Amino acid sequence: MGTVPFSAHEQGRHFARRLLRQMPIIIAVGVNLGVVPLLFIQLAYYRFFYPATILMAWFWLGIIALLIPAYYGVYAYALGLRSATDQDALAQSVPAQPAAMPAWRIIAGWAAAVFFITIGFLFANGLSLMDHVGRWPQLWLDHSDAGAALGTALNVGDPTLWPRWLLMFGFAIGTTAAWCVFDAEWLTRQTVDETYRRWAWRFARILYTLSMFWAAAAGSWYVFGSWTEELRHTMFSNPLLPLTVATAIAPGVGWAVLIAAGWLPAKRLAAAIAMLAQLGVLGVNAASRQVVQNLNLKPYLNVLAQPTDVQWGPLVMFLATFVVGLAVVAWMIAQVQKCGRAPSQSDRQ
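A few points on the structure. (Residues numbered from 1 in each chain as written. Predicted model: local features only at pLDDT ≥ 70, side-chain atom pairs only at ≥ 80, totals over all residues. Heavy atoms only, no water.)

**A look at the environment of Met-212**
So, step 1. Take Met-212: it is sitting in helix H8 (residues 194-226).
So, step 2. Given a relative accessible area of 17%, Met-212 falls into the buried group.
So, step 3. In the structure, Met-212 is positioned 43 residues away from Trp-255 in sequence and 7.1 Å away in space, judged by C-alpha atoms.
So, step 4. In contact with Met-212, other than residues within four places in its own chain, are Pro-251, Gly-252 and Trp-255. (Helix = DSSP H or I, 4+ residues; strand = E, 2+ residues; numbered from the N terminus. Buried < 20%, exposed > 50% of the residue type's maximum accessible area, 1.4 Å probe, protein only. Contact = heavy atoms within 4.5 Å.)

Structure follows, in C-alpha coordinates:
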(Lines give C-alpha, C1' and ligand atoms only; values in the text may rest on other atoms or scores of the structure.)
Protein backbone atom coordinates (compact mmCIF):
# COMPACT_ATOMS: atom_id res chain seq x y z
CA MET A 1 0.00 0.00 0.00
CA GLY A 2 2.86 2.34 0.78
CA THR A 3 4.21 1.92 -2.75
CA VAL A 4 1.08 3.24 -4.42
CA PRO A 5 1.70 6.71 -5.94
CA PHE A 6 -0.17 9.61 -4.37
CA SER A 7 -2.23 10.20 -7.52
CA ALA A 8 -3.34 6.55 -7.54
CA HIS A 9 -4.10 6.37 -3.82
CA GLU A 10 -7.78 6.52 -2.97
CA GLN A 11 -7.25 8.46 0.27
CA GLY A 12 -4.78 10.80 -1.42
CA ARG A 13 -7.25 11.59 -4.19
CA HIS A 14 -9.91 12.29 -1.58
CA PHE A 15 -7.69 14.75 0.29
CA ALA A 16 -6.59 16.42 -2.95
CA ARG A 17 -10.21 16.99 -3.98
CA ARG A 18 -11.10 18.31 -0.53
CA LEU A 19 -8.15 20.71 -0.46
CA LEU A 20 -8.85 22.06 -3.93
CA ARG A 21 -12.54 22.54 -3.14
CA GLN A 22 -11.52 24.52 -0.05
CA MET A 23 -9.08 26.70 -1.97
CA PRO A 24 -11.48 29.60 -2.73
CA ILE A 25 -12.03 30.14 1.01
CA ILE A 26 -8.37 29.55 1.89
CA ILE A 27 -7.19 32.06 -0.72
CA ALA A 28 -9.79 34.63 0.34
CA VAL A 29 -8.64 34.37 3.97
CA GLY A 30 -4.97 34.49 2.96
CA VAL A 31 -5.36 37.54 0.74
CA ASN A 32 -7.34 39.49 3.32
CA LEU A 33 -4.95 38.66 6.17
CA GLY A 34 -1.97 39.46 3.93
CA VAL A 35 -3.27 42.94 3.08
CA VAL A 36 -2.87 44.12 6.69
CA PRO A 37 0.93 43.60 7.03
CA LEU A 38 1.43 44.93 3.50
CA LEU A 39 -0.31 48.17 4.48
CA PHE A 40 1.89 48.53 7.53
CA ILE A 41 5.00 47.94 5.42
CA GLN A 42 3.89 50.68 3.06
CA LEU A 43 3.35 53.01 6.01
CA ALA A 44 6.52 52.33 8.02
CA TYR A 45 8.91 51.72 5.12
CA TYR A 46 7.46 54.01 2.47
CA ARG A 47 10.90 55.52 1.76
CA PHE A 48 12.05 52.09 0.57
CA PHE A 49 8.88 50.32 -0.52
CA TYR A 50 7.77 52.81 -3.17
CA PRO A 51 11.16 53.36 -4.87
CA ALA A 52 11.73 49.59 -5.03
CA THR A 53 8.30 48.88 -6.52
CA ILE A 54 8.62 51.80 -8.95
CA LEU A 55 11.78 50.21 -10.36
CA MET A 56 9.72 47.08 -11.10
CA ALA A 57 6.41 48.91 -11.55
CA TRP A 58 5.03 46.87 -14.47
CA PHE A 59 5.74 43.60 -12.71
CA TRP A 60 4.32 44.90 -9.45
CA LEU A 61 1.12 46.02 -11.17
CA GLY A 62 1.11 42.65 -12.89
CA ILE A 63 0.35 41.04 -9.52
CA ILE A 64 -3.21 42.37 -9.78
CA ALA A 65 -3.43 41.27 -13.41
CA LEU A 66 -2.44 37.77 -12.33
CA LEU A 67 -4.42 37.60 -9.09
CA ILE A 68 -7.86 38.20 -10.59
CA PRO A 69 -7.76 35.44 -13.26
CA ALA A 70 -5.99 33.14 -10.78
CA TYR A 71 -8.84 33.59 -8.31
CA TYR A 72 -11.43 32.85 -11.00
CA GLY A 73 -9.38 29.86 -12.14
CA VAL A 74 -9.44 28.39 -8.64
CA TYR A 75 -13.22 28.86 -8.48
CA ALA A 76 -13.64 27.25 -11.91
CA TYR A 77 -11.64 24.20 -10.89
CA ALA A 78 -13.23 23.92 -7.43
CA LEU A 79 -16.76 24.16 -8.85
CA GLY A 80 -15.81 21.58 -11.45
CA LEU A 81 -14.78 19.20 -8.68
CA ARG A 82 -18.00 19.89 -6.85
CA SER A 83 -20.15 19.12 -9.87
CA ALA A 84 -18.06 16.05 -10.73
CA THR A 85 -18.35 14.52 -7.26
CA ASP A 86 -20.61 11.54 -6.67
CA GLN A 87 -22.75 12.95 -3.84
CA ASP A 88 -24.34 9.61 -3.01
CA ALA A 89 -20.94 8.03 -2.41
CA LEU A 90 -19.90 11.01 -0.30
CA ALA A 91 -23.04 10.71 1.82
CA GLN A 92 -22.11 7.10 2.57
CA SER A 93 -18.70 8.22 3.89
CA VAL A 94 -16.90 6.73 0.90
CA PRO A 95 -14.40 8.87 -1.04
CA ALA A 96 -16.18 9.71 -4.25
CA GLN A 97 -14.92 8.83 -7.70
CA PRO A 98 -14.71 11.98 -9.82
CA ALA A 99 -16.46 12.20 -13.12
CA ALA A 100 -14.74 13.68 -16.14
CA MET A 101 -14.10 17.41 -15.79
CA PRO A 102 -14.23 19.72 -18.80
CA ALA A 103 -10.79 20.48 -20.21
CA TRP A 104 -11.20 24.23 -19.79
CA ARG A 105 -11.66 23.85 -16.03
CA ILE A 106 -8.48 21.75 -15.79
CA ILE A 107 -6.57 24.36 -17.80
CA ALA A 108 -7.98 27.12 -15.57
CA GLY A 109 -6.81 25.27 -12.46
CA TRP A 110 -3.27 24.76 -13.73
CA ALA A 111 -3.10 28.35 -14.96
CA ALA A 112 -4.17 29.55 -11.51
CA ALA A 113 -1.38 27.51 -9.91
CA VAL A 114 1.21 29.03 -12.25
CA PHE A 115 -0.16 32.53 -11.63
CA PHE A 116 0.03 32.18 -7.84
CA ILE A 117 3.60 30.86 -8.02
CA THR A 118 4.50 33.85 -10.21
CA ILE A 119 2.82 36.23 -7.74
CA GLY A 120 4.97 34.80 -4.95
CA PHE A 121 8.07 35.32 -7.08
CA LEU A 122 7.13 38.95 -7.77
CA PHE A 123 6.45 39.62 -4.09
CA ALA A 124 9.83 38.15 -3.19
CA ASN A 125 11.40 40.41 -5.83
CA GLY A 126 9.79 43.57 -4.50
CA LEU A 127 10.39 42.94 -0.81
CA SER A 128 13.98 41.76 -1.27
CA LEU A 129 14.74 44.78 -3.48
CA MET A 130 13.29 47.04 -0.77
CA ASP A 131 15.98 45.75 1.62
CA HIS A 132 18.94 46.34 -0.69
CA VAL A 133 19.14 50.02 -1.47
CA GLY A 134 22.64 49.60 -2.89
CA ARG A 135 21.22 47.75 -5.89
CA TRP A 136 18.91 50.59 -6.90
CA PRO A 137 21.35 52.85 -8.84
CA GLN A 138 22.51 50.10 -11.22
CA LEU A 139 18.99 48.80 -11.77
CA TRP A 140 17.83 52.34 -12.49
CA LEU A 141 20.66 52.88 -14.97
CA ASP A 142 19.88 49.59 -16.72
CA HIS A 143 16.11 50.21 -16.82
CA SER A 144 15.64 53.91 -17.51
CA ASP A 145 15.22 56.24 -20.45
CA ALA A 146 16.21 59.92 -20.27
CA GLY A 147 16.30 59.65 -16.48
CA ALA A 148 12.84 58.10 -16.17
CA ALA A 149 12.52 54.63 -14.69
CA LEU A 150 10.89 52.22 -17.13
CA GLY A 151 9.53 49.98 -14.38
CA THR A 152 10.97 46.85 -15.99
CA ALA A 153 13.62 45.90 -13.41
CA LEU A 154 13.62 42.60 -11.54
CA ASN A 155 15.81 41.78 -8.56
CA VAL A 156 16.98 38.45 -9.96
CA GLY A 157 20.65 39.27 -9.31
CA ASP A 158 20.08 39.57 -5.55
CA PRO A 159 21.55 36.50 -3.77
CA THR A 160 18.81 36.66 -1.10
CA LEU A 161 15.93 36.43 -3.59
CA TRP A 162 16.06 32.76 -4.50
CA PRO A 163 16.41 31.24 -1.01
CA ARG A 164 13.65 33.55 0.28
CA TRP A 165 11.35 32.44 -2.51
CA LEU A 166 12.14 28.77 -1.90
CA LEU A 167 11.53 29.19 1.83
CA MET A 168 7.95 30.11 1.01
CA PHE A 169 7.51 26.74 -0.69
CA GLY A 170 8.95 24.90 2.29
CA PHE A 171 6.62 26.62 4.72
CA ALA A 172 3.67 26.05 2.38
CA ILE A 173 4.39 22.31 2.36
CA GLY A 174 4.46 22.26 6.16
CA THR A 175 1.22 24.22 6.40
CA THR A 176 -0.45 21.77 4.00
CA ALA A 177 0.68 18.88 6.21
CA ALA A 178 -0.74 20.48 9.36
CA TRP A 179 -3.96 21.36 7.54
CA CYS A 180 -4.33 17.74 6.37
CA VAL A 181 -4.74 16.41 9.92
CA PHE A 182 -6.76 19.43 11.08
CA ASP A 183 -9.17 18.95 8.20
CA ALA A 184 -9.43 15.21 8.85
CA GLU A 185 -10.11 15.60 12.58
CA TRP A 186 -12.23 18.76 12.62
CA LEU A 187 -13.90 19.43 9.27
CA THR A 188 -14.59 15.95 7.90
CA ARG A 189 -14.78 13.83 11.03
CA GLN A 190 -18.34 12.68 10.35
CA THR A 191 -17.85 12.02 6.63
CA VAL A 192 -14.67 9.92 6.64
CA ASP A 193 -13.74 6.69 8.38
CA GLU A 194 -10.86 5.82 10.66
CA THR A 195 -8.85 4.48 7.73
CA TYR A 196 -8.76 7.92 6.13
CA ARG A 197 -7.79 9.62 9.39
CA ARG A 198 -4.92 7.19 9.93
CA TRP A 199 -3.78 7.86 6.37
CA ALA A 200 -4.01 11.63 6.98
CA TRP A 201 -1.69 11.46 9.99
CA ARG A 202 0.79 9.22 8.16
CA PHE A 203 0.77 11.41 5.06
CA ALA A 204 1.11 14.61 7.14
CA ARG A 205 4.19 13.25 8.91
CA ILE A 206 5.84 12.38 5.59
CA LEU A 207 4.91 15.74 4.04
CA TYR A 208 6.11 17.73 7.06
CA THR A 209 9.41 15.84 7.03
CA LEU A 210 9.89 17.03 3.44
CA SER A 211 8.97 20.56 4.56
CA MET A 212 11.49 20.48 7.40
CA PHE A 213 14.40 19.43 5.19
CA TRP A 214 13.34 21.86 2.45
CA ALA A 215 13.21 24.76 4.94
CA ALA A 216 16.56 23.71 6.42
CA ALA A 217 18.22 23.69 2.99
CA ALA A 218 16.70 26.99 1.82
CA GLY A 219 17.27 28.62 5.21
CA SER A 220 20.92 27.56 5.29
CA TRP A 221 21.37 28.94 1.79
CA TYR A 222 19.70 32.18 2.88
CA VAL A 223 21.78 32.65 6.05
CA PHE A 224 25.18 31.35 4.99
CA GLY A 225 25.01 32.01 1.27
CA SER A 226 23.41 35.46 1.00
CA TRP A 227 23.80 37.33 4.32
CA THR A 228 26.70 39.70 4.73
CA GLU A 229 29.30 38.89 7.37
CA GLU A 230 28.15 41.87 9.44
CA LEU A 231 24.50 40.81 9.37
CA ARG A 232 25.36 37.23 10.27
CA HIS A 233 27.54 38.40 13.17
CA THR A 234 24.69 40.58 14.50
CA MET A 235 22.05 37.86 14.21
CA PHE A 236 24.31 35.28 15.90
CA SER A 237 25.16 37.58 18.81
CA ASN A 238 23.12 38.65 21.81
CA PRO A 239 20.44 39.89 22.12
CA LEU A 240 19.32 38.45 18.75
CA LEU A 241 20.88 35.00 19.13
CA PRO A 242 17.80 33.45 20.84
CA LEU A 243 15.58 34.67 18.00
CA THR A 244 17.97 33.24 15.40
CA VAL A 245 18.11 29.89 17.18
CA ALA A 246 14.31 29.79 17.58
CA THR A 247 13.89 30.53 13.87
CA ALA A 248 16.33 27.77 12.91
CA ILE A 249 14.78 25.06 15.09
CA ALA A 250 11.13 26.08 14.62
CA PRO A 251 10.46 23.69 11.68
CA GLY A 252 12.01 20.85 13.68
CA VAL A 253 9.80 21.70 16.65
CA GLY A 254 6.74 21.75 14.37
CA TRP A 255 7.78 18.35 13.01
CA ALA A 256 8.26 16.93 16.52
CA VAL A 257 4.85 18.24 17.58
CA LEU A 258 3.20 16.61 14.57
CA ILE A 259 4.99 13.31 15.22
CA ALA A 260 4.13 13.33 18.93
CA ALA A 261 0.57 14.53 18.36
CA GLY A 262 -0.08 11.63 16.03
CA TRP A 263 0.35 9.21 18.94
CA LEU A 264 -1.90 11.07 21.38
CA PRO A 265 -5.29 9.45 22.04
CA ALA A 266 -7.14 12.78 21.79
CA LYS A 267 -6.74 13.16 18.04
CA ARG A 268 -8.81 16.34 17.67
CA LEU A 269 -6.74 18.12 20.31
CA ALA A 270 -3.57 16.75 18.72
CA ALA A 271 -4.58 18.11 15.31
CA ALA A 272 -5.30 21.54 16.81
CA ILE A 273 -1.89 21.54 18.53
CA ALA A 274 -0.17 20.61 15.27
CA MET A 275 -1.92 23.45 13.44
CA LEU A 276 -1.04 25.96 16.15
CA ALA A 277 2.57 24.77 16.10
CA GLN A 278 2.77 25.46 12.37
CA LEU A 279 1.34 28.93 12.88
CA GLY A 280 4.09 29.43 15.46
CA VAL A 281 6.70 28.39 12.88
CA LEU A 282 5.36 31.01 10.46
CA GLY A 283 5.17 33.64 13.20
CA VAL A 284 8.74 33.27 14.47
CA ASN A 285 10.08 33.32 10.91
CA ALA A 286 8.10 36.49 10.16
CA ALA A 287 9.51 38.15 13.29
CA SER A 288 13.07 37.15 12.38
CA ARG A 289 12.62 38.36 8.82
CA GLN A 290 11.42 41.75 10.10
CA VAL A 291 14.48 42.11 12.29
CA VAL A 292 16.77 41.31 9.35
CA GLN A 293 14.95 43.90 7.25
CA ASN A 294 15.45 46.57 9.91
CA LEU A 295 19.17 45.73 10.13
CA ASN A 296 19.58 45.95 6.36
CA LEU A 297 17.90 49.35 6.29
CA LYS A 298 19.51 50.77 9.44
CA PRO A 299 22.39 52.50 7.55
CA TYR A 300 19.76 54.56 5.72
CA LEU A 301 17.01 54.91 8.32
CA ASN A 302 16.32 53.63 11.82
CA VAL A 303 12.68 52.73 11.36
CA LEU A 304 12.10 52.10 15.05
CA ALA A 305 13.36 55.60 15.91
CA GLN A 306 10.84 57.38 13.71
CA PRO A 307 8.47 59.71 15.61
CA THR A 308 4.94 58.39 15.82
CA ASP A 309 1.63 60.11 16.35
CA VAL A 310 -0.93 57.41 17.02
CA GLN A 311 -4.37 58.14 15.59
CA TRP A 312 -6.45 56.21 18.09
CA GLY A 313 -9.78 56.68 16.31
CA PRO A 314 -8.79 54.93 13.04
CA LEU A 315 -6.77 52.36 15.01
CA VAL A 316 -9.77 51.38 17.14
CA MET A 317 -11.97 51.18 14.05
CA PHE A 318 -9.39 48.99 12.33
CA LEU A 319 -9.07 46.64 15.31
CA ALA A 320 -12.85 46.41 15.65
CA THR A 321 -13.20 45.61 11.96
CA PHE A 322 -10.40 43.07 12.24
CA VAL A 323 -12.17 41.29 15.11
CA VAL A 324 -15.40 41.25 13.11
CA GLY A 325 -13.46 39.83 10.16
CA LEU A 326 -12.05 37.04 12.31
CA ALA A 327 -15.57 36.27 13.51
CA VAL A 328 -16.71 36.02 9.89
CA VAL A 329 -13.82 33.66 9.14
CA ALA A 330 -14.81 31.51 12.14
CA TRP A 331 -18.38 31.47 10.84
CA MET A 332 -17.16 30.42 7.38
CA ILE A 333 -15.17 27.55 8.87
CA ALA A 334 -18.21 26.51 10.92
CA GLN A 335 -20.28 26.43 7.73
CA VAL A 336 -17.66 24.29 6.03
CA GLN A 337 -17.74 21.91 8.97
CA LYS A 338 -21.54 21.84 8.90
CA CYS A 339 -21.55 21.06 5.19
CA GLY A 340 -19.10 18.25 5.83
CA ARG A 341 -21.39 16.44 8.28
CA ALA A 342 -22.96 13.24 7.08
CA PRO A 343 -26.68 13.70 6.42
CA SER A 344 -29.01 12.30 9.04
CA GLN A 345 -31.66 9.73 8.26
CA SER A 346 -34.34 12.45 8.28
CA ASP A 347 -32.28 14.52 5.81
CA ARG A 348 -32.05 11.56 3.45
CA GLN A 349 -35.79 11.05 3.58
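What follows continues from the structure just given.
**As for the packing of helix H2 (residues 46-55) against helix H5 (residues 103-131)**
So, step 1. For the pair H2 and H5, the least separation of the axes is 8 Å and the interaxial angle reads 125°. In terms of orientation, H2 and H5 fall into the oblique class. Where H2 crosses over H5, the two elements pack in a sense that is right-handed. Only Gly-126, Leu-129 and Met-130 of H5 make contact with H2, whose side of the interface consists of Phe-48, Phe-49, Ala-52 and Leu-55.
So, step 2. Looking at the contact of H2 with H5, its residues break down into six nonpolar, one polar and no charged. (Axes fitted to C-alpha atoms, helices over the stretch in contact; angles between N-to-C directions. Parallel < 35°, antiparallel > 145°, perpendicular 65-115°, else oblique. Left-handed = near helix turned anticlockwise from the far one by under 90°. Nonpolar A, V, L, I, M, F, W, Y, C, P; charged D, E, K, R; others polar.)

**Brief notes about helix H7 (residues 161-187)**
So, step 1. The first and last C-alpha atoms of H7 sit 37 Å apart over 27 residues, in line with the 39 Å expected at 1.5 Å per residue.
So, step 2. Counting buried positions along H7 yields 19 of 27 residues, so the element is predominantly enclosed. (Expected span 1.5 Å × (residues − 1).)

**Topic: a nonpolar patch on the surface**
So, step 1. Taken together, the side chains of Leu-33, Phe-40, Leu-43, Phe-318, Leu-319, Phe-322 and Leu-326 define a hydrophobic patch exposed on the protein surface, amounting to about 630 Å² of accessible area.
So, step 2. Where the nonpolar patch is concerned, the elements lending two or more residues are helix H1 (10-44) and helix H12 (312-339).
So, step 3. The element best represented in the nonpolar patch is H12, accounting for four residues.
So, step 4. Within the fold, Leu-319 resides in helix H12. (Patch = residues over 30% accessible without salt bridge, like charges linked within 9 Å, V, L, I, M, F, W, Y side chains within 5 Å. Areas by Shrake-Rupley, 256 points an atom, 1.4 Å probe, with all protein chains shown as cover. Salt bridge = Lys/Arg side-chain N within 4 Å of Asp/Glu carboxyl O.)

Everything listed is a geometric property; what it means functionally is a separate question.
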